Amino acid sequence: MTTSSSSLNADPAELAKFSELAHRWWDTESEFRPLHQINPLRLGWIESCVPLAGKRVLDVGCGGGILADAMARRGAQVLGIDLSTKALRVAQLHALEAGTPDVQYREVSVEALALEQPESFDAITCMEMLEHVPDPGSVVRACADLVKPGGWVFFSTLNRNPKAFLLAIVGAEYVLNLLPRGTHEYLKFIRPSELASFCRPAGLEWVNTRGLGYNPLLRRYHLSSDTSVNYLVATRRG
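Residues numbered from 1 in each chain as written. Predicted model: local features only at pLDDT ≥ 70, side-chain atom pairs only at ≥ 80, totals over all residues. Heavy atoms only, no water.

Peer 1: Help me understand the overall build of the chain in this model?
Peer 2: Looking only at helices and strands, the chain has 8 helices and 8 strands in total. Carbon and sulfur atoms make up 54% of the accessible area of the chain, which amounts to about 10800 Å² in all. (Helix = DSSP H or I, 4+ residues; strand = E, 2+ residues; numbered from the N terminus. Areas by Shrake-Rupley, 256 points an atom, 1.4 Å probe, with all protein chains shown as cover.)

Have a look at this one:
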């Protein structure tokens, strides 16, 4: 199912931005190096809440498939969705070349999939995607509709505070050149209270939240009480 961004909860400029970088998704020394570095942390955090083996998992805004591929290799049946055609082609090609089992990719909006497959997934991940769409609340509601009662939804988003501005924009984009300049827009960052306000009306209960810290001396990421990147776990009320 292919969809057009003109009538969807999507920003054409954001799609174009990431489409231009699509061929570099699996280059561990590219702009996507931070995603490769934090992927083991994300995977461990997810599995600390729900064992992935045998679970049906949806990765919303999957891009080139870094997290989706890793979850499939842990035994999950994974569907990755995105609205970037180029990124999905890269994800599909990598899965083919790597022989990754039980992972599929589709170009479809999360809202459209929610109408098609309600209450179909044991777990849903949505990593650093909410700050790139016009209506993040719509994505949260769709995720709530897609997860099974008692299932788990994992969100991560950049926090709208001075520390996140310094780390994600000034540091990552302008000083360390970890990301292309213009990757993030500060006003689109989402505070934990705002994310929680999207979850509650959708029937998602906030279970816990973590932060993602970065040690510039060791050049390593770690889960902590850091407030610049929020990791929120929610479960759907039965």
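Peer 1: Hey, could you run me through helix 2 (residues 33-47) in this one?
Peer 2: Structural remark: α-helix, 3.6 residues per turn; residues separated by three or four positions point the same way. Taking 1.5 Å per residue, 15 residues should reach 21 Å; helix 2 reaches 22 Å between its end C-alpha atoms and fits that length. Of all the bends found along helix 2, the most pronounced is centred on Asn 39 and spans about 40°, while Pro 40, a proline, follows it within four residues. The set of residues buried in helix 2 consists of Pro 34, His 36, Ile 38, Asn 39, Arg 42, Leu 43, Trp 45 and Ile 46. (Expected span 1.5 Å × (residues − 1). Bend = angle between axes of the 7 residues up to and from the residue. Buried < 20%, exposed > 50% of the residue type's maximum accessible area, 1.4 Å probe, protein only.)

Peer 1: Got a minute to help me understand the pattern of salt bridges in this structure?
Peer 2: One side chain can pair with another of opposite charge once the charged atoms of both are near each other. Going through the model one piece at a time under the given rule, you end up with 7 salt bridges. A salt bridge links Arg 42 to Glu 128, with the nearest nitrogen and oxygen atoms 2.0 Å apart. Highlighted residues: Arg 42 in helix 2 and Glu 128 in the loop between strand 4 (121-127) and helix 6 (136-146), separated in sequence by 86 residues. The pair formed by Arg 42 and Glu 128 is uniform in burial state, with each residue classed as buried. Close ionic contact of Asp 122 with Lys 148 constitutes a salt bridge, the shortest N to O distance being 3.2 Å. Placement of Asp 122 in strand 4 and of Lys 148 in strand 5 (residues 147-158) is noted, with a sequence separation of 26 residues between them. Taking the relative accessible area as the measure of exposure, Lys 148 reaches 31% and is therefore partly exposed. (Salt bridge = Lys/Arg side-chain N within 4 Å of Asp/Glu carboxyl O.)

Peer 1: I would appreciate a short explanation of the pairing of strand 2 (residues 77-82) in the present structure.
Peer 2: Regular strands place their side chains on alternate faces of the sheet. Counting buried positions along strand 2 gives 5 out of 6 residues, so the element sits mostly inside the fold. In this sheet, strand 2 lies alongside strand 1 (residues 56-60) in parallel orientation, the contact comprising 5 bridges. Bridged to Leu 58 within strand 2 is Leu 79. Each parallel crossover has a hand, and for strand 2 linked through helix 4 (residues 85-98) to strand 3 (residues 103-107) it is right-handed. (Pairing = 2+ DSSP bridges. Right-handed = clockwise from strand over helix to strand, strands pointing away.)

Peer 1: How should the side chain of Asn 9 be read in this particular structure?
Peer 2: The topology assignment puts Asn 9 in the segment before helix 1 (12-20). A polar atom in the side chain of Asn 9 sits 3.1 Å from the side chain of Glu 111. Among the polar contacts listed, one links the side chain of Asn 9 to the backbone oxygen of Asp 135, at a separation of 2.8 Å. Setting aside its immediate chain neighbours within four residues, Asn 9 contacts Glu 111, Val 133, Pro 134, Asp 135, Ser 138 and Val 139. (Polar contact = N/O pair within 3.5 Å; in protein donor to acceptor, adjacent residues only side chain to side chain. Contact = heavy atoms within 4.5 Å.)

Peer 1: Help me understand helix 4 in this model?
Peer 2: In this model helix 4 runs 20 Å from its N-terminal to its C-terminal C-alpha over 14 residues, within 8% of the 20 Å that 1.5 Å per residue would give. Residues of helix 4 that are buried: Ala 87, Leu 88, Ala 91, His 94 and Ala 95. Seen from one end, helix 4 has its buried residues packed into an arc of 125°, which puts them on one side. Away from its buried face by more than 90 degrees, helix 4 exposes Arg 89, Leu 96 and Glu 97. Buried residues belonging to helix 4 abut helix 3 (66-73), strand 2 and strand 3. Residue Gly 99 follows helix 4 closely and has a positive phi angle near 70°. (Arc of directions from axis to C-beta.)

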